[in-house]
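Below, each chain spelled out in residue letters.
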Amino acid sequence: MSDTFDQLGLSPAALEALRRARFSRPTPIQAKAIPLALEGRDVIGCAATGTGKTAAYVLPLVERFAGREGTLGLVLAPTRELVQQISGPVGLFSESRGVTHTVVIGGEDMGAQAEALNRKPTLVLATPGRLVDLLDSGVAAFPQLEALVLDEADRMLDMGFLPQLERILEMLPRRRQTLLFSATLGPDVSRFAREELKQPAYVEVTRSGTPAERAEQRLYVVKPEEKSALLLTLLARDEATALVFTRTKERADKVHKALLRAGYKCEVLHADRTQNQRSQAMEGFRQGKFRCLVATDIAARGLDVQDVGHVINYDLPHEPEDYVHRIGRTARASASGVASTFVTSKDRPMTERIEKVIRGGIPRVPVPREDPVFLAEVERLQAAQKDPGPPQKDHGTSKKEPGQAPGRHARSHGKGPRSGLDKE
């Protein structure tokens, strides 16, 4: 495997762009995929999140299409954030090469995107949903297309984009190069690749489902009501940036409020946030304005932060493969970090599925129940249960539950903290 970029078949102009971008040496996926992509071959690239796969396809595309006219390349990715992230390296490597690009994503002005497509940019970076809208309206067409990239193909299929992908592929020239990149290669991705790629070269720098090696994994077996105490305890032990994953947007909002109450600068990222709110949250986290970012899996796709010190799985993901995506964010290209996972007794089946996917056990770590921060949060929650605040006025519009104190609503029945944060 090549130790330097000048051994990969790149032009002097590309090497100069890499030097300006301060890319010193290729990552394994770049060293293996770039020569194959430059040859025009179809490629399946399997690499964990954060291993540099974006440059592994952007560099060959820019190299092949430099100085040429027409829309020649299409890059599809599952979320708006990831598409916007990809546009960074594209601009970086193409600004002096005569390669133009445009971004086509939901939540933005469709008319402006149609105008941009009419100018025939060299590369189009898009989410499947918005691109299908433009194709169906007759605005978008790619008769000259020579290369298609499917980035994070596993996530696109997991998110239900197969119909849109099939529609897009119907509209593309059959004679083209296809580059497919994925952190995991499950049955759906493998089936899709067999149907759409032609004699692809297979490049795997980590086994499918293997988490990034530099992530130190820890698993804490907790009671549901102990999760917030454990979260605050872990955050108090260092000053590392933290990306906290929850299963639902409602839970994300509650964890966000709990962290704000505890004095942490943090933001929240989920599907109900506007595009502007999501962009501000991610940019603030990247710049260090917020120490913590609480997010759901879909909202965090494409979040590119180089030095997340701690990924915390407050809840387990819906799918075991998402565990790999999550913890990869604390071990991007040259960084290292800690990935802590909170599980309750009912999480045992999903834990076993995750360990099967990653081909190994997650080290169990004792819960620090004697830590002063842990004890203080447990006491606070217990006090909140006993004293839920001033009684609500009874306007006679609802009946009391048997045994319910006067004026108190029945939604908690005394089973857990008033905020509902740790109710499972």
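Owing to the predicted nature of the structure, the values given are computational and were not obtained by experimental measurement.

The rules behind the values
- Residues numbered from 1 in each chain as written.
- Predicted model: local features only at pLDDT ≥ 70, side-chain atom pairs only at ≥ 80, totals over all residues.
- Heavy atoms only, no water.
- Helix = DSSP H or I, 4+ residues; strand = E, 2+ residues; numbered from the N terminus.
- Contact = heavy atoms within 4.5 Å.
- Areas by Shrake-Rupley, 256 points an atom, 1.4 Å probe, with all protein chains shown as cover.
- Pairing = 2+ DSSP bridges.
- Axes fitted to C-alpha atoms, helices over the stretch in contact; angles between N-to-C directions.

Chemist: Whenever I open this one, the overall build of the chain confuses me. Can you help?
Modeler: When helices and strands are tallied, the chain shows 16 helices and 13 strands. Partitioning the contacts of the chain with sequence separation of at least 6, the portion at a separation of at least 24 is 76%. Approximately 19400 Å² of the chain is accessible, and the part contributed by carbon and sulfur atoms is 49%.

Chemist: Would you take a moment to explain the side chain of E196 for this structure?
Modeler: Along the chain, E196 falls in helix 9 (residues 187-196). Excluding anything up to four places from it in sequence, E196 contacts L169, R174, R176 and T178.

Chemist: What exactly am I supposed to notice about the sheet that holds strand 12 (residues 310-313) here?
Modeler: Two strands in a sheet stick together by hydrogen bonds in their backbones, pointing the same way (parallel) or opposite ways (antiparallel). Strand order in this open sheet of 6 strands is 8-13-12-9-11-10, and the pairing throughout is parallel. Edge strands, defined here as strands with exactly one partner in the open sheet, are strand 8 (215-221) and strand 10 (266-269). The sheet shows a mean angle of 15 degrees between the axes of neighbouring strands, taken without regard to direction. Bridge count between strand 12 and strand 13 (residues 337-343): 4 bridges; the pairing is parallel. Residue pairing for strand 13: I312 is matched across the bridge by S340. Along the sheet, helix 11 (residues 249-261) makes contact with strand 9 (242-245), strand 10 and strand 11 (292-295), crossing strand 10 at roughly 175 degrees.

Chemist: Is there a simple way to explain the sheet that holds strand 2 (residues 73-76) in this structure?
Modeler: Taken in spatial order, the 7 strands make up an open sheet running 3-4-2-5-6-1-7, and their pairing is parallel. Taken across any chain shown, the strands that pair with only one partner, and hence form the sheet edges, are strand 3 (101-104) and strand 7 (201-204). For this sheet the average axis-to-axis angle between neighbouring strands, irrespective of direction, equals 15 degrees. For strand 5 (residues 147-150) and strand 6 (residues 177-182), the ladder comprises 4 bridges, and the chain directions are parallel.

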